[in-house]
Amino acid sequence: MRFVSEDYSGYFRRSLAALEAKNADSPSIRRLLSERVAAALDASAIDALLDTHAEGRPLAADGAHAASVLRRLRQWVMLILMERDISGHADLDEVCQAMTYLARRTTGCAMRVAGSELAQQFGAALDGEGRPQDLLAVAMGKGGADELNVSSDLDLVFVFRDEGQSAGGASGRVIASSEWMHRAARRTIELLSEITADGFVFRVDTRLRPNGDSGPLVASLSMLEQYFYSQGREWERFAWLKSNVIADTAQAGEQTRRDDTQSLERIVTPFVFRRYLDYDAFASLRDLHRLIRSEVARRSARDLTARDVKLGRGGIREIEFTAQLFQIVRGGRDPGLRDRRTLATLATLARRSVLDREECDTLARAYQLLRRTEHAIQFREDEQTHRLSGSPDERAPIAAMLRMAPADFDQAITDATQAVANIFERLLAPDPDDRVRASDESAGEATLAADDPDVVRRIGLLREGTRYAAARPDTRAAIERLLSEAISQRTGSAGMIRLVEMLESVCRRPAYVALLARYPLVFGRVLRVLDWSKWPAEYLMRHPVVLDELLDGQLLESTTFPDWARQLRERVVAARIGETPDVELQMDLVREAHHAQVFRLMVQDLEGRHSTERISDFLSELADQVLGLVIDLIWSQLRQRYCDPPRFAAIAYGRLGGKDLGYASDLDLVFLYDNDDERATEAYSFLAQRLGGWLSTRTAAGLLFETDLRLRPNGQAGLLVSTVEAFEGYQRESAWVWEHQALSRARFAAGDQALGERFEQVRRSVLSIVRDPQTLAKEVIAMRRKMHDGHPNRSELFDLKHDRGGMVDIEFNVQYLVLAHAQLHPQLLDNAGNIALLGRAAEAGLIDRTLAQEVANAYRRYRQLQHKLRLDDSQYARVAPEVVAAQADSVVSLWRQTLESAAGEDR
C-alpha cells in the first residue's frame, strides 16, 4: 500500500518509516493510516486519536507521558491531513480547522499538566480576594481564527485575573499568583515546544504579549488594560483582532473561565474596535505594510525569482489585511464584522456592500489558492516557510500537490497575486495631498481676507482654540488642507463657517478628519451639504458618523428598507458581551444606522432626486422598519416574555400615520395587543414602556425619535396598551370627534401583522359610523378655532400650517369629508393622504373638482415651502402672504363650501 504523499513529502516518508520501525510487531501502520485517511479529520477524530495514544492513562498526572502522547498525536494528525489534502479528500477548511483544534486540544492538555503540577506543589492560584483563578492561553492570529496552517508557530499570550497568592500545597509552601502563572506558562511552552525523540507539538511564540520580549511572560487583566490604554500601538489592534481564549490551567472551574474570558473581552474589544468609523487605520496599516514589504524584499534579495506567498506582494497577508482593515474601521459600529475568520469576513463585506462583491470573490479565491499553496510548501519538510521557489523543478511538485499542471499553476498564482495587489494597493493608496503639506496658515488667511472677513475671523478662532491646539500635528495639517480646498472650490460664506464649526467639533476624532482628507469626493459632498442649508449642516455636525455614507457609490440610489432592516438586525443581534446583549451598543447601532439613512435621504433631497412627498414616504417607511426591529429586540430581552412572536402592534398616528414624516418629526403612537393570557397586560405594558424609552433616550449616538403617546384611549390617564376590543369600545362609546379625525390618519406601522389588519377593520368601521353633518361640522370648526387660538401669529407673515387658508384647514377639510361621507363613499376610508382623498371626494361629487385640484396643489406648495424652511432651521414655517395668496384663497373657498355650509354659519 502506497500513499500519494510519499511522492512529494520527505517529512511524510520519514515519519511513516519511523512509525513502522517503532511498531514492527503491531498491526500494519499503513493499514491503520489508510483507515484514518478515509474519514474526515474533525474534532471527534482527533479526540479519538488522543484517547488511543493516551492508552487510558490520565495525562494531567504524568507530564512525561503527556509530552510523548501529544507529540505522537501531532505526528498522526499531520500524516492524515497531508494525505487527505494531497489526494484531494480534504478542503482548506478541514485542514485549517483540524490544525486549530489540535492546537486547542494540545494546549489544553499541556496547561492542565502545568496546573496540576503547580497545584500539587503550591495549591491553587488565588486572586486578591482569595478566589481561585486560572491562567488563560489566548491564541493570536490564525490560531484564534480556526485558520492555523500545517507548520505554523502557535502565537500565544498568557493572561490571568489578578495578583494574589497560592493556596498552599502539600508542603504548605505559598508563592505569588503571578509567579504561579509564570511557571505555568513556562511549563506549557516546554510541553508543547521542546524537541524530543518524538518531535514537538507546536513552536510557541509569545512575542505578541505586552512589551514583547521585554515584557513579563504573563499579564494580569489590569496590566493588559493599562497597557492598551497607555502604550497600545495601532498594529497591536490588528494582532488582537483574532485573539481567542483556547485553553486554561483548569483549576478554578468552567464558570470561572467563562467569567474571566468575558472580562478579557471587555478589555480587548474597545481597544480593537472604536465606536466611531476609524479611518486612521488606513495610515496605520499602510505604515505596517511598508515595513513588511521592506523585510520581504531584504530576505528575497538572494533569489529574486522566488515568491513569498504569505508576505509578498499580493500574498496571503494582503488579503488578511484587506479584511482586517474594514473590521478595524467599521467593527466598532458593526459587530457582524468582528468574525475572526478571513473568508467569513470577506463574505460579510460583500453582503454589506462595503467592498465590491466581485472583489470579495476575487480575494476569497486567491486566499484559498495561496493557503493551499502554503500548505503544499510546508508539507514538503514540515517547515514554517512560505517561499515558493522560482525554479521550475521545485515548483512542479507544488503544482502537482494542488493537482494542477505547472503552467496552469504558475499562471493562477500570477493572476491571483496581481489581482490581490491591485485591490490592496487601491485601498491603501496614499492621500495625493500627502506629497504637498500645505501648512502655511498665513497664506490661507490672506486668501480668505479678500473674500469674507467673518470667515477669516472664524478660522482664526478655530486656530486659537483648545481643541485645535490639542489635536495631533497631522490632524492640524489635514484641517489646513481641507480649509484651503474649500476656499478653492468657492464655498459660500455660510458653508465655510459651518465647515469650520464641523472641523472644530471633530478635530478630537482624527479619524473623521482623515476621512475627509483622504476622499475628495466625500469632502466635495460635505461642502455641498454645508453650503445647502443650516439644518442638514447641523445634523452632520451632531452625527459625524454619517460621513461614512458619503463614500457609498450608491449614495444617490434609493434604499430597499426591508433589506436594510435585515442587515441592521444582524448587526444589532451580534452586539453582545459574551452571551449577554450589549444594550447600550445596540441602541447606538440603531441610532447610527437611522441617522445614516436620514442623511442619505438629505443628500438625495439636495440633489433633487425626490419630491417632498416621496421623501416623507421614505422617512415613514424607515421609521416603520426601526419600530419593527426595536419591538422584536426588546421583546427578546424582556423578562416577562411568555410567547413568540409578541401579539403586539404599534399604530401610527399624525405625521407618521399619514406618511407625512419630516426629518425631525415626532412619532405619535398607540399600542395594541391581543392575548387572553393572564400575563399579557403586564408583559405588553413593559414592552410599550421599554419601547418608548428605547426610542427617545439620548445616548452617545444621539436621539432616535421623540415619541408622543397621548393619543391612546383616555390620553395620559389611560393605559399604555389596549386590547383591540377595548380600543374599539372606546372609539365607539367615548372618543371625541377630534379623536376620530386623528383616527382617519392612523395606520398599522409595526408588530403583529394580523393584529394590524384587525385594527384596520376597527378603524374603517368607526370612520363609517353615521354622523349628523351639521353637528359634525360645528365640532370640527370648534376644534379648528381652538387650535388657531393655541398658535397665535403676531407677525406680518403667513403661517403655512396654522393660519386661515393653511395646511391645518386642508387637513380638517379632508377629515370632515371622511367622517361625514365615508359610509356612502367607502373609497374615502383608505389612508391615502390628503391630496389623494381630495381627488376621491371630487370624483364622488362631494366637492368641486377644480377647487379640489387647486387645494391639492396648495397642499403640495405648502409642504415644499415648509420643508425648505425647516431645512433652513426656521423657528416658524412662515412666508410673505403674497407668496401663497392664491393658494390660501382656494383653501378658504373650500372651507366655506364644505364646513361652513354644512354648519350653517359664517366663519
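Structure first, text after, so check above.
These numbers were taken from a predicted model, which means no experiment stands behind them.

Student: Would you take a moment to explain the overall build of the protein chain for this structure?
Tutor: Scanning the protein chain from terminus to terminus reveals 36 helices and 16 strands. With 907 residues in all, the protein chain has 55% of them scored as buried. Counted over contacts in the protein chain with a minimum sequence separation of 6, partners at least 24 positions apart contribute 75%. By element, 47% of the accessible surface of the protein chain is carried by carbon and sulfur atoms, the whole surface being about 38400 Å².

Student: Could you clarify how one ought to interpret empty space enclosed by the protein in this entry?
Tutor: Rolling a probe over the atoms, with the probe sized like a water molecule, indicates the empty space that remains. Applying the stated rule across the entire model yields 4 cavities of 30 Å³ or more. Residue lining of the largest cavity: Gly658, Asp660, Ser744, Arg745, Val814, Gln815, Val818, Asn831, Gly833, Asn834 and Leu837, and that is the complete set. Counting residues per element, the lining of the largest cavity draws most heavily on helix H33 (residues 807–821), which supplies 3 residues.

Student: Quick question: what am I supposed to make of the nonpolar core here?
Tutor: Considering soluble globular proteins, one finds that nonpolar side chains tend to be buried as a cluster. Ranked by internal contacts, the top residues of the largest apolar core, which has 101 residues, are Leu33, Leu41, Val77, Met99, Leu135 and Phe158. At 15 residues, the largest contribution of residues to this core is made by helix H5 (residues 92–122). Not counting chain neighbours up to four residues away, the residues in contact with Leu135 comprise Met111, Phe158, Val159, Phe160, Met181, Ala184, Ala185, Val218, Ala247, Asp248 and Thr249. Core analysis: the next-biggest nonpolar cluster, separate from the first, contains 99 residues, Ala593, Leu622, Phe648 and Leu661 among them.

Student: Mind showing me how you'd approach the environment of Met401 here?
Tutor: Within the secondary structure, Met401 sits in helix H14 (residues 392–401). Each C-alpha atom of the pair Met401 and Gly790 lies 84 Å from the other, and the pair is 389 residues apart in sequence. If sequence neighbours within four positions are ignored, Met401 has contacts with Tyr8, Ile86, Ala376, Phe379 and Arg380.

Student: Would you mind showing me how to read helix H22 (residues 520–532) here?
Tutor: Along an α-helix, a turn takes 3.6 residues, which lines up residues three or four apart on a common side. With 13 residues, H22 extends 18 Å between its outermost C-alpha atoms, agreeing within 8% with the 18 Å of an ideal straight helix rising 1.5 Å per residue. If you check which residues of H22 are buried, you get Val522, Phe523, Gly524, Arg525, Val526, Leu527, Val529 and Leu530. The inward-facing, buried residues of H22 contact helix H19 (473–488), helix H20 (493–506), helix H21 (510–518), helix H23 (534–542) and helix H25 (583–606).

Student: Would you mind showing me how to read the layout of surface pockets here?
Tutor: Approximately 1600 Å³ is the volume attributed to the largest pocket. Lining of the largest pocket is provided by 48 residues; of these, Arg655, Asp668, Met787, Lys801 and His802 occupy positions nearest its centre. Every element with two or more residues in the lining of the largest pocket is listed here: helix H26 (612–637), helix H27 (654–657), helix H30 (737–743), helix H32 (773–790), H33 and helix H35 (849–871). It is H35 that provides the largest number of residues to the lining of the largest pocket, a total of 6 residues. Its residues assigned to classes, the lining of the largest pocket comprises 18 nonpolar, 14 polar and 16 charged.

Student: Explain the packing of H5 against helix H6 (residues 177–193) here, please?
Tutor: Running from N to C, H5 and H6 point in directions that differ by 135 degrees, and their axes come no closer than 8 Å. Between H5 and H6, the angle falls in the class oblique. Between H5 and H6 lies a crossing of right-handed hand. Within the contact between the two elements, H5 uses Thr106, Thr107, Ala110, Met111, Val113, Ala114, Gly115, Glu117, Leu118, Ala119 and Phe122 and H6 uses Trp180, Arg183, Ala184, Arg187, Thr188, Leu191 and Leu192. Along the lines of polarity and charge, the residues of the contact of H5 with H6 split into 11 nonpolar, 4 polar and 3 charged.

Student: What should I look at first to understand unusual backbone geometry in this one?
Tutor: Among all residues except glycine, the phi angle is most often negative; among peptide bonds, the trans geometry is most common. Pro645 follows Asp644 through a cis peptide bond whose omega is -10 degrees. Within the secondary structure, Pro645 is located in the loop between H26 and strand E10 (648–653). Here the phi dihedral of Arg403 falls at roughly 60 degrees; this positive angle occurs in a residue that is not glycine. On the secondary structure map, Arg403 appears in the loop between H14 and helix H15 (406–427).

Student: Where do I start with the pattern of salt bridges in this structure?
Tutor: Note on pairing: side chains with opposite charge can pair once their charged atoms come close. Scanning all chains against the criterion turns up 59 salt bridges. Its salt-bridge partner being Arg840, residue Asp830 comes within 2.8 Å of it at the nearest N-O pair. In this pair, Asp830 sits in the loop between H33 and helix H34 (834–843) while Arg840 sits in helix H34, placing the two residues 10 residues apart along the sequence. Residue class for Asp830 comes out partly exposed when judged on its relative accessible area of 29%. Each member of the salt-bridge network shares a partner with another, and the members are Asp334, Arg351, Arg352, Arg566, Glu570 and Arg571.

Student: Please explain the packing of helix H1 (residues 10–22) against helix H13 (residues 357–381) as it appears in this structure.
Tutor: Helices that pack against each other are described as a pair by the angle of their axes relative to one another and the distance between those axes. At their nearest, the axes of H1 and H13 sit 4 Å apart, and the two run at 45 degrees to each other. In terms of orientation, H1 lies oblique with respect to H13. On H13, the residues touching Gly10, Tyr11 and Arg14 of H1 are Phe379, Arg380 and Glu381. Broken down by class, the residue content of the contact of H1 with H13 amounts to 2 nonpolar, 1 polar and 3 charged.

Student: What am I meant to see in the environment of His821 here?
Tutor: Within the fold, His821 resides in helix H33. Sequence separation between His821 and Phe228 is 593 residues, and the spatial gap between their C-alpha atoms is 70 Å. Filtering out sequence-adjacent residues up to four positions away, His821 remains in contact with Leu828 and Leu846.

Student: Explain H23 to me, please; I cannot follow it from the model alone.
Tutor: Buried within H23 are the following residues: Trp535, Pro536, Ala537, Tyr539, Leu540 and Met541. Along its buried surface, H23 packs onto H20, H22, H25 and H35.

Student: Is there a simple way to explain the pairing of strand E2 (residues 154–160) in this structure?
Tutor: Looking down a regular strand, the side chains alternate between one sheet face and the other. Judged by how many residues are buried, E2 sits mostly within the fold: 6 of 7 residues are covered. Strand direction decides the pairing type here: strand E1 (residues 136–139) and E2, joined by 4 bridges, are antiparallel. Within E2, the residue paired with Leu136 across the bridge is Val159. Taken together, the 2 bridges between E2 and strand E3 (residues 204–205) define a ladder with parallel strand orientation. The partner of Asp155 across the bridge, within E3, is Asp205.

Student: Can you help me understand the packing of aromatic side chains in this one?
Tutor: The relation between two aromatic rings is expressed through the spacing of the ring centres and the mutual angle of the planes. Inspection of the entire model under this criterion finds 18 aromatic pairs. The interplanar angle of 15 degrees and the centroid separation of 5.2 Å between the aromatic rings of Trp635 and Tyr684 together place this pair among those described as stacked. You can see Trp635 sitting in helix H26 and its partner Tyr684 sitting in helix H28 (residues 680–696), a full 49 residues away along the chain. Its relative accessible area of 1% is what places Trp635 among the buried residues.

Student: Honestly, the environment of Trp535 in this entry has me stumped. Any pointers?
Tutor: Along the chain, Trp535 turns up in helix H23. Not counting residues up to four positions away in its chain, the partners in contact with Trp535 are Arg542, Met602, Tyr663, Ala664, Arg870, Leu871 and Asp873.

Student: Would you take a moment to explain the side chain of Asp809 for this structure?
Tutor: Position of Asp809 relative to the elements: it lies in helix H33. On the basis of relative accessibility, which here comes to 0%, the residue Asp809 falls in the buried class. For Asp809, the side chain forms a polar contact with the main-chain nitrogen of Gly805, separated by 2.8 Å.

Student: Would you take a moment to explain the side chain of Asp127 for this structure?
Tutor: Relative to the elements of secondary structure, Asp127 occurs in the loop between H5 and E1. The class for Asp127 is buried, based on a relative accessible area of 4%. A polar atom in the side chain of Asp127 sits 2.6 Å from the side chain of Arg161. The residues touching Asp127, leaving out its near neighbours within four places in the chain, are Gln133, Arg161, Asp162, Glu163 and Gly164.

Quick notes on the rules
Residues numbered from 1 in each chain as written. Predicted model: local features only at pLDDT ≥ 70, side-chain atom pairs only at ≥ 80, totals over all residues. Heavy atoms only, no water. Helix = DSSP H or I, 4+ residues; strand = E, 2+ residues; numbered from the N terminus. Buried < 20%, exposed > 50% of the residue type's maximum accessible area, 1.4 Å probe, protein only. Contact = heavy atoms within 4.5 Å. Areas by Shrake-Rupley, 256 points an atom, 1.4 Å probe, with all protein chains shown as cover. 1 Å grid on protein atoms, 1.4 Å probe; cavity = no way out; pocket = protein on both sides within 12 Å on 5 of 7 lines; lining within 4 Å. Points joined across faces, edges and corners; volume = space filled by probe spheres on them. Core = buried A, V, L, I, M, F, W, Y, C linked by side-chain atoms within 4.5 Å. Expected span 1.5 Å × (residues − 1). Nonpolar A, V, L, I, M, F, W, Y, C, P; charged D, E, K, R; others polar. Axes fitted to C-alpha atoms, helices over the stretch in contact; angles between N-to-C directions. Parallel < 35°, antiparallel > 145°, perpendicular 65-115°, else oblique. Left-handed = near helix turned anticlockwise from the far one by under 90°. Salt bridge = Lys/Arg side-chain N within 4 Å of Asp/Glu carboxyl O. Pairing = 2+ DSSP bridges. Phe/Tyr/Trp six-rings, centres within 6.5 Å; stacked < 30°, edge-to-face > 60°. Polar contact = N/O pair within 3.5 Å; in protein donor to acceptor, adjacent residues only side chain to side chain.

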